[in-house]
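Remarks on the overall topology
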Amino acid sequence: MDVRSPLSRVGAGFAHLEVPQVAAVDGEPVLLWSCDTPRLSAARRKSDRVGGVWSVPAPTSLGTYPVEEARLVVDESLSRTEPAGR
């Protein structure tokens with residue numbers, strides 16, 4: 001198995017990109033992924049405050065991806081559910 005270059009820059013503000021997927025928006029590739037608040041870098045937590053679903057336009061669907069330019073699409077509060085009876 002060959003080791004290949006990373007598809008994003010190390011130190012771009014995320015400890016991990018969870019469930020990454022490329023979608024076409026107006027015919028252009030966009031990388032979407034989730035990253036919760038504890039997995040954001042300190043700098044990103046300071047500027048964006050919370051984690052959630054992120055996106056970044058991609059030059060191609062095969063990468064590399066400029067995740068350091070990511071924008072928060074929706075914060076993680078959408079994934080929180082209240083216990084029954086509340």
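First, a word on scope: everything that follows refers to the structure included in this document. (Residues numbered from 1 in each chain as written. Predicted model: local features only at pLDDT ≥ 70, side-chain atom pairs only at ≥ 80, totals over all residues. Heavy atoms only, no water.)

**What to know about the overall build of the protein chain**
Scanning the protein chain from N- to C-terminus turns up 1 helix and 4 strands. Ordered by position in the sequence, the α and β elements of the protein chain form the string β-β-α-β-β. By residue count, 26% of the 86 residues in the protein chain fall in the buried class. Long-range contacts, defined here as pairs at least 24 residues apart, represent 39% of the contacts in the protein chain between residues at least 6 apart. Each charge class in the protein chain can be summarised by its mean position, and for the 10 positive and 11 negative side chains these summaries are 8 Å apart. (Helix = DSSP H or I, 4+ residues; strand = E, 2+ residues; numbered from the N terminus. Buried < 20%, exposed > 50% of the residue type's maximum accessible area, 1.4 Å probe, protein only. Contact = heavy atoms within 4.5 Å. Lys, Arg positive; Asp, Glu negative; His and termini not counted. Charge placed at Lys NZ, Arg CZ, Asp CG, Glu CD.)

**Notes on the nonpolar core**
Listed in full, the 12 residues of the largest apolar core are Ala12, Phe14, Leu31, Trp33, Cys35, Leu40, Trp54, Val56, Ala58, Tyr65, Val67 and Ala70. The set of elements that each furnish at least two residues to this core consists of strand S2 (28-35) and strand S3 (52-57). A total of 3 residues in this core trace back to one element, the largest contributor, which is S2. (Core = buried A, V, L, I, M, F, W, Y, C linked by side-chain atoms within 4.5 Å.)

**Digging into the sheet that holds S2**
Across the sheet, which stays open at both edges, the 4 strands sit in the order S1-S2-S3-S4 with antiparallel pairing between neighbours. Each of the sheet's edge strands pairs with one partner strand only, and the pair in question is strand S1 (18-25) and strand S4 (71-75). With strand direction ignored, the average angle separating the axes of adjacent strands in the sheet is 25°. (Pairing = 2+ DSSP bridges. Axes fitted to C-alpha atoms, helices over the stretch in contact; angles between N-to-C directions.)

**Observations regarding the packing of aromatic side chains**
For the structure shown, the criterion picks out 2 aromatic pairs. Measuring from ring centre to ring centre gives 5.3 Å for Phe14 and Trp33, while their planes differ by 85°; the resulting arrangement is edge-to-face. Of this pair, Phe14 sits in the segment before S1 while Trp33 sits in strand S2, placing them 19 residues apart in sequence. The exposure class of Trp33 is buried, given its relative accessible area of 2%. (Phe/Tyr/Trp six-rings, centres within 6.5 Å; stacked < 30°, edge-to-face > 60°.)

**A few points about the pairing of S2**
As paired elements, S1 and S2 share 6 bridges and run antiparallel to each other. Within S2, the residue paired with Glu18 across the bridge is Ser34. Linkage of S1 to S2, two consecutive antiparallel strands, is achieved through a turn of 2 residues, within which Asp26 is found at a positive phi near 55°. Pairing of S2 with S3 involves 6 bridges; the strand directions are antiparallel. Within S3, the residue paired with Val30 across the bridge is Pro57.

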